[in-house]
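Coordinates in review
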Amino acid sequence: MKKIITSVIASIALSLAPTAFAAEPADTVTVFMIGDSTMANKPTDSDKQERGWGQLLATHLQGPVKVDNHARNGQSSLSFINEGKWDAVVEKIRPGDFVIIQFGHNDEKLNKPSRGTTPGGTFDANLRRFVDETRAKGGRPILMNAIVRRNFPLSVEPGKEAGPAGPEKKASAMDSIQEGDILVDTHGLWRDAPRNVAQLMRVPFVDMNTVTHKYIQELGPIESRKIYMWIPAGKFEFCPDGKIDNTHLNIYGATVISRLAADAIAAEVPDFAQYVRPCCKEGGKGGCCK
């Protein structure tokens, strides 16, 4: 844990350091990102604490590469296409560019026709479209499933997967909230669809759900609160009443999860590995270590 904290500070410092305005090398590769709020860029003005993991990915990269994050709050694979956001990405893809595709959180909302999709049906079809159109432009698609929600229910019925946690408690009662010790995933079949499409289309697949599930479970119900938007009342001006959010990441959480993502992508996509900054050692430089 000490090593992670040290390296997170180093990564945040890198993201805040001034950059020189230099001409972009002709061989620069772009990493396009499409997804939802857990990946998206968030406002950094005032003392706002929420960040998407895609917002911090560049702090773990090196060499002639840049990140172009098109993930947006509230997006599903369906709305990303229907609102024209995908077309805007396709127009920019050049041969050799990477396109990281991660949806699921909002595809699960079947009660919202403009968002909801079905695993094995419309969700898969949308993912296949992203892959096909990326390849048509010479790009390299990478499929991911959604990062885990922080869900430690007090009890889980044996043999049955728990659904999302109940209504989130008020931040004023943060210290008195009781939770269980077992992290239970909430994504169901939407967790599996990207893997199935990747296998069918022979596309690299990064199991971010398993990666983050393992990490959050290792932290446990108390320490994992430091990863998500658990904001005490009276601490920040942007949220004076505090907040408890088990889906979205804070600055520290986004930095850690983005490092886990960078390492996981490098493991599945050898051509991507050359752009990943070496993991830091004590007193050294680099992204945060697992």
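Refer to the structure above for everything that follows.
Residue numbers here run from 1 along each chain, matching the order of that chain's written sequence. At least 70 in pLDDT is required for a residue's local features to be given in this predicted model, at least 80 for side-chain atom pairs to be given and counted, and no such filter applies to totals for whole chains, interfaces and linings, which use all residues. Excluded from the side-chain calculations are hydrogens and water; all other atoms, namely the structure's heavy atoms, are used.

**Digging into the overall build of the protein**
Quick reminder of the rule: Runs of H or I in DSSP of at least four residues are treated as helices and runs of E of at least two as strands, each being numbered from the N terminus. Each residue's exposure class comes from its accessible area (1.4 Å probe, protein chains only) as a fraction of the maximum for that residue type: buried when under 20%, exposed when over 50%, partly exposed otherwise. Two residues qualify as a contact provided that any one of their heavy atoms is within 4.5 Å of a heavy atom in the partner residue. Surface accessibility in these figures is a Shrake-Rupley result with a 1.4 Å probe; residues are shielded only by whichever protein chains are displayed.
On a plain count of helices and strands, the protein comes out with 9 helices and 8 strands. Burial analysis of the protein (290 residues in total) assigns 53% to the buried set. For the protein, restricting intrachain contacts to residue pairs at least 6 apart in sequence, the fraction spanning at least 24 positions comes to 76%. Total accessible area computed for the protein in this model is approximately 13,700 Å², and 54% of it derives from carbon and sulfur atoms.

**Considerations on the pattern of salt bridges**
Threshold: Put simply, a salt bridge is a Lys or Arg side-chain nitrogen that is within 4 Å of an Asp or Glu carboxyl oxygen.
Tallied over the full model, the rule gives 18 salt bridges. Of the charged contacts in the structure, one is a salt bridge between D207 and R195, with a shortest N-O distance of 2.7 Å. Taken as a pair, D207 in the loop between β6 (205-206) and α7 (208-223) and R195 in helix α6 (residues 189-201) lie far apart in primary sequence, 12 residues in all. When the shortest N-O distance is used, the salt bridge between E223 and K226 registers 2.9 Å. One continuous salt-bridge network, built from bridges that share partners, spans D185, R191, D192, R195 and D207.

**Considering the packing of aromatic side chains**
Note the cut-off: Classification of ring pairs uses Phe, Tyr and Trp, with its six-membered ring standing for Trp, and accepts pairs whose centres are within 6.5 Å; under 30 degrees between planes counts as stacked, over 60 as edge-to-face, and the remaining range as tilted.
As enumerated under the stated definition, the model contains 7 aromatic pairs in all. When the centroid spacing of 6.5 Å and the interplanar angle of 85° are considered together, the rings of F80 and F130 count as edge-to-face. In this pair, F80 is assigned in helix α3 (residues 77-82) and F130 in helix α5 (residues 122-136), connecting sequence segments 50 residues apart. For the pair F80 and F130, one class covers both residues: buried. Between F236 and F238 the ring centres are 5.9 Å apart and the planes differ by 50°, which places this aromatic pair in the tilted class. We classify F238 as partly exposed; its relative accessible area is 28%. By the ring-pair criterion, three or more aromatic residues cluster together here, those being F80, W86, F103 and F130.

**With respect to the sheet that holds strand β3 (residues 65-69)**
Let me state the cut-off plainly: Here the rule is simple: two strands pair whenever DSSP picks up at least two bridges between them. What counts as an axis is a line fitted to C-alpha atoms, over the stretch in contact for a helix, and the angles between N-to-C directions run from 0 to 180 degrees.
What the 5 strands build is an open sheet, ordered β3-β1-β4-β5-β6; its pairing is parallel. Unpaired on one side and paired on the other, β3 and β6 mark the two borders of the sheet. Relative to strand β5 (residues 140-144), strand β4 (residues 98-102) is paired through 5 bridges, and the arrangement is parallel. Note that in β5 the partner of V99 across the bridge is P141. Of the strands in this sheet, β1 (29-35), β4 and β5 touch α5, which is tilted by about 160° from β5.

**Quick word on the sheet that holds strand β8 (residues 243-250)**
Read from one edge to the other, the open sheet built from 3 strands follows the order β2-β8-β7, with strand pairing classed as antiparallel. Pairing within the sheet leaves two strands with one partner each, and these edge strands are β2 (50-51) and β7 (228-231). As judged from the 2 bridges shared by β2 and β8, these two strands associate in the antiparallel manner. Counterpart to E50 in the pairing with β8 is N250.

**Points about the side chain of N145**
Here is the rule we go by: Residues adjacent in sequence count toward polar contacts only when both atoms are side-chain atoms; beyond that, a polar contact is any pair of N or O atoms within 3.5 Å, and within protein one must be able to donate a hydrogen and the other to accept it.
In this fold, N145 is placed in the loop between β5 and α6. What makes N145 buried here is its relative accessible area of 0%. Side chain to side chain, N145 and D207 meet in a polar contact 3.0 Å long. Once you skip the residues sitting within four places of it in the chain, N145 turns out to touch Q102, R191, P194, F205, V206, D207, M208 and N209.

**Overview of the nonpolar core**
Quick reminder of the rule: Here, the term nonpolar core denotes a set of buried Ala, Val, Leu, Ile, Met, Phe, Trp, Tyr and Cys residues that are joined through side-chain atoms within 4.5 Å.
The biggest cluster of nonpolar side chains holds 45 residues, and the ones touching the most others in it are W53, I100, Y215, I216, I227 and I257. In terms of residue count, the dominant contributor to this core is helix α8 (residues 251-268) (10 residues). V89, V131, A198 and V203 belong to the second-largest nonpolar core, a separate cluster that totals 23 residues.

**A short note on unusual backbone geometry**
Residue S46 is not a glycine yet carries a positive backbone phi of 55°. Owing to a relative accessible area of 58%, S46 belongs among the exposed residues under this scheme. One non-glycine residue, R202, lies in the positive phi region at around 55°. Following the sequence through the fold, R202 ends up in the loop between α6 and β6. Using a relative accessible area of 78% as the deciding quantity, one classes R202 as exposed.

**Looking at the packing of α7 against α8**
Convention followed: Each angle gets one of four labels, with under 35 degrees taken as roughly parallel, over 145 as roughly antiparallel, 65 to 115 as roughly perpendicular, and the rest as oblique. The hand of a helix crossing depends on one turn: near helix anticlockwise from the far one by less than a right angle means left-handed, and clockwise means right-handed. Each residue is assigned to one class: nonpolar for Ala, Val, Leu, Ile, Met, Phe, Trp, Tyr, Cys and Pro, charged for Asp, Glu, Lys and Arg, and polar for all the others, Gly among them.
Where α7 contacts α8, the two axes come as close as 10 Å, and the packing angle between them is 130°. In terms of axis orientation, α7 runs oblique to α8. Pair α7 / α8 crosses with right-handed handedness. Across from M208, V211, T212 and Y215 in α7, the residues of α8 making contact are Y252, V256, I257, L260, A261 and A264. When its residues are assigned to classes, the contact of α7 with α8 shows 9 nonpolar, 1 polar and no charged.

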